[in-house]
Amino acid sequence: MLGNTDVSKEALYRAMVELALDALLVLEGAVFVDCNSSAEKLFGVSRTQLLASTPLDFSAPQQIDGRDSKVAANEFIALAMQGQTQRFEWLSRKADGSQFISEVGISRLDDDGTAVTRRVILVVRDISERKRIENTTRIQSEQLQILLDNFPGGVSLLDDNLRIVAWNNALLHMLDLPLELFSAGPPLIQDVFIANIARGEYAEFGGQTEAETLAILMAVVQRMQPYLYERTRQDDTIIEVRGAPIAGGGFVTICTDVTAKRKIEKNTSDNRFF
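The following paragraphs examine the structure supplied in this document.

Parameters and conventions
- Residues numbered from 1 in each chain as written.
- Predicted model: local features only at pLDDT ≥ 70, side-chain atom pairs only at ≥ 80, totals over all residues.
- Heavy atoms only, no water.
- Pairing = 2+ DSSP bridges.
- Helix = DSSP H or I, 4+ residues; strand = E, 2+ residues; numbered from the N terminus.
- Axes fitted to C-alpha atoms, helices over the stretch in contact; angles between N-to-C directions.
- Expected span 1.5 Å × (residues − 1).
- Buried < 20%, exposed > 50% of the residue type's maximum accessible area, 1.4 Å probe, protein only.
- Arc of directions from axis to C-beta.
- Polar contact = N/O pair within 3.5 Å; in protein donor to acceptor, adjacent residues only side chain to side chain.
- Core = buried A, V, L, I, M, F, W, Y, C linked by side-chain atoms within 4.5 Å.
- Contact = heavy atoms within 4.5 Å.

1. Structural notes on the sheet that holds strand β10 (residues 251–257)
Moving on, step 1. Taken in spatial order, the five strands of this open sheet run β7-β6-β10-β9-β8, and their pairing is antiparallel. Because the sheet does not close on itself, it has two edges, and the strands there are β7 (164–167) and β8 (227–232). Adjacent strand axes in the sheet meet at a mean angle of 20° when their direction is disregarded.
Moving on, step 2. Where strand β6 (residues 154–158) lies against β10, five bridges are found, and the strand directions are antiparallel. Note that in β10 the partner of Leu 157 across the bridge is Val 252.

Here's what the structure looks like:
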């Protein structure tokens, strides 16, 4: 255990600061008075240069929301000085002029419970790659939803936990699925099965009880093997169901209303001459 001495406290403070992967900077008034090596690497300047700089020297002129950086920075610092820790995204700038998105936290520095009235500490992390991935994922999700919404049949995508993570309106309409199951977010396929069994669906699977029917249905999806079957719903519509596993885990299912097709086939068969 460390002794309660100024030397040990200073050593601990310096070790923590230097080992931190995030950039740490101490601001007094308008100028940085301390920083760690991660801050030097992040902004591409030496410690000497950093300690002669202000936050605006490493900020884009305007932020992503269009606000003037000086005005926004002053607001965040003022709130931090009042004891209200701030955390926000910031458009930062390196010494070479290149910009990147960072996550910034600002807190007032206290000494034994007494505020050092003009000092705050900033924790800065480069989140450009994270934002890039998030943006790419968002675009891919939007593109997938457009594809699903324009697909002529019903489509659902299960993840490896058997949760329906993507679906289209055609699926909900075709199978008359309970909307409340989907309104709160991706439901488990088991919950959808239970709701449908309770209203008399899946009689064609032959389960003697609701529990048996659920077990049969779960066995089908848990095998993670391609399947093809037809089911006749209570309103006599005939739905062709195709399922196939996908790489990385999960399952895609396509439902097609083949009622008209089967009716034509039956009429053709009934009218055939031998």
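2. Details of helix α4 (residues 69–81)
Moving on, step 1. For α4, with 13 residues, the first-to-last C-alpha span of 18 Å sits near the 18 Å given by 1.5 Å per residue.
Moving on, step 2. Restricting attention to buried positions, one finds in α4 the residues Ser 69, Ala 72, Ala 73, Phe 76, Ile 77 and Ala 80. Buried positions in α4, seen along its axis, are confined to an arc of 125° and lie on one side of it.
Moving on, step 3. Residue Asp 68 occupies the N-cap position of α4, its side-chain oxygen lying 3.1 Å from the main-chain nitrogen of Lys 70.

3. Side note on the pairing of strand β9 (residues 238–245)
Moving on, step 1. As judged from the six bridges shared by β8 and β9, these two strands associate in the antiparallel manner. Its bridge partner lying in β9, Arg 231 is registered against Ile 239.
Moving on, step 2. Linking β8 to β9, which pair antiparallel, is a turn of five residues; within it Asp 236 sits at a positive phi near 75°.
Moving on, step 3. Relative to β10, β9 runs antiparallel, the two being bridged by seven bridges. Residue pairing for β10: Val 241 is matched across the bridge by Cys 255.
Moving on, step 4. Counting the residues in the hairpin turn of β9 and β10 gives five residues, including Gly 248, whose phi is positive at 90°.

4. Thoughts on unusual backbone geometry
Moving on, step 1. Although it is not a glycine, Asp 176 adopts a positive phi angle of roughly 50°.
Moving on, step 2. Backbone geometry at Asp 236 places phi at a positive 75°, although glycine is not the residue there.
Moving on, step 3. The topology assignment puts Asp 236 in the loop between β8 and β9.
Moving on, step 4. Here Asp 236 falls in the exposed class, since its relative accessible area comes to 57%.

5. As for the nonpolar core
The tendency in soluble globular proteins is for nonpolar side chains to be buried as a group.
Moving on, step 1. The biggest cluster of nonpolar side chains holds 26 residues, and the ones touching the most others in it are Ile 189 and Phe 193.
Moving on, step 2. Those elements that place two or more of their residues in this core are β7, α6 (169–174), α8 (189–198), α9 (210–222), β9 and β10.
Moving on, step 3. Considering each element in turn, this core owes the most residues, five residues, to α9.
Moving on, step 4. Non-local contacts of Ile 189, meaning those with residues more than four positions away in its chain, are made with Leu 158, Leu 162, Ile 164 and Met 218.

6. Considering the environment of Gln 99
Moving on, step 1. Secondary-structure assignment places Gln 99 in strand β4 (residues 99–111).
Moving on, step 2. Here Gln 99 falls in the partly exposed class, since its relative accessible area comes to 45%.
Moving on, step 3. As for Gln 99 and Ser 128, which are separated by 29 residues in sequence, their C-alpha atoms are 9.5 Å apart.
Moving on, step 4. With sequence-adjacent residues up to four places away left out, Gln 99 is seen in contact with Ala 60, Pro 61, Leu 91, Ser 92 and Arg 93.

7. Focus: α8
Moving on, step 1. Those residues of α8 that fall on the buried side of the exposure criterion are Ile 189, Val 192, Phe 193, Asn 196 and Ile 197. Buried residues of α8, seen end-on, are gathered within an arc of 130° and therefore sit on one face of the element.
Moving on, step 2. Tucked into the core, α8 has its buried residues touching β6, β7, α7 (179–183) and α9.
Moving on, step 3. Following α8 by one or two positions, Gly 200 has its phi on the positive side, about 95°.

Without other data, these values stay purely geometric and don't point to any function.
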